[in-house]
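Examining the three-dimensional arrangement
Each chain, written out:
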Amino acid sequence: MPVAGFWNYFTEGPSAATCRPAALAGRLDEARGFAAAIRRTLPDHRADDFIGTFRFDADAEALSRQGARRIGLS
């Protein structure tokens, strides 16, 4: 991911970092709102983009992917 894309995770607010945990916690309406904000800024965003930006262990990566699937960001 280009550096500009990396910084979108921080300049767009907490959206990219919180939508997956919100989905995993069952707060799907909140998570879908975050996902919509991500799509406005990064229309082609996928789970691989987020996961590839950070270093996750296997369990964290699996949980992130699960959360992304629940809100259509997989």
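Counting restarts for each chain, with residues numbered from 1 along the sequence as it is written. In keeping with the model being predicted, local features are shown solely for residues with a pLDDT of at least 70 and side-chain atom pairs are shown and tallied solely at 80 or more, while totals for entire chains, interfaces and linings include all residues. Side-chain descriptors were evaluated using all non-hydrogen atoms of the structure, hydrogens and water having been removed beforehand.

A few words on the side chain of Ser64. Strands are runs of DSSP state E lasting at least two residues, helices are runs of H or I lasting at least four, and both sets are numbered from the N terminus onward. One can find Ser64 in helix H5 (residues 58–70). Throughout, exposure labels follow a simple rule: accessible area from a 1.4 Å probe, protein chains only, divided by the maximum for the residue type, with under 20% read as buried, over 50% as exposed, and the rest as partly exposed. Given the relative accessible area of 6%, Ser64 is considered buried. Residue contacts are counted whenever heavy atoms from the two residues lie within 4.5 Å of one another. Excluding anything up to four places from it in sequence, Ser64 contacts Arg20, Phe50 and Ile51.

Now for the packing of aromatic side chains. Ring geometry is summarised as follows: Phe, Tyr and Trp rings, the Trp one being its six-membered ring, pair when their centres sit within 6.5 Å, and such pairs are stacked at plane angles under 30 degrees, edge-to-face over 60 and tilted between the two. A full pass over the atoms with the stated rule returns three aromatic pairs. Aromatic pair Phe50 and Phe54: ring centres 5.2 Å apart, planes at 55°, arrangement tilted. Ring geometry for Phe54 versus Phe56: centroids 6.3 Å apart, planes at 65°, classification edge-to-face. Classification of Phe54 as partly exposed rests on a relative accessible area of 27%. Ring pairs connect the aromatic residues Phe50, Phe54 and Phe56, which therefore count as one cluster. For the cation-ring pair, Arg20 lies above Phe50, with the distance from its terminal atom to the ring centre recorded as 4.4 Å. Counted as over-ring charges are cases with an Arg CZ or a Lys NZ within 6 Å of the ring centre that also lie within 35 degrees of the ring normal.

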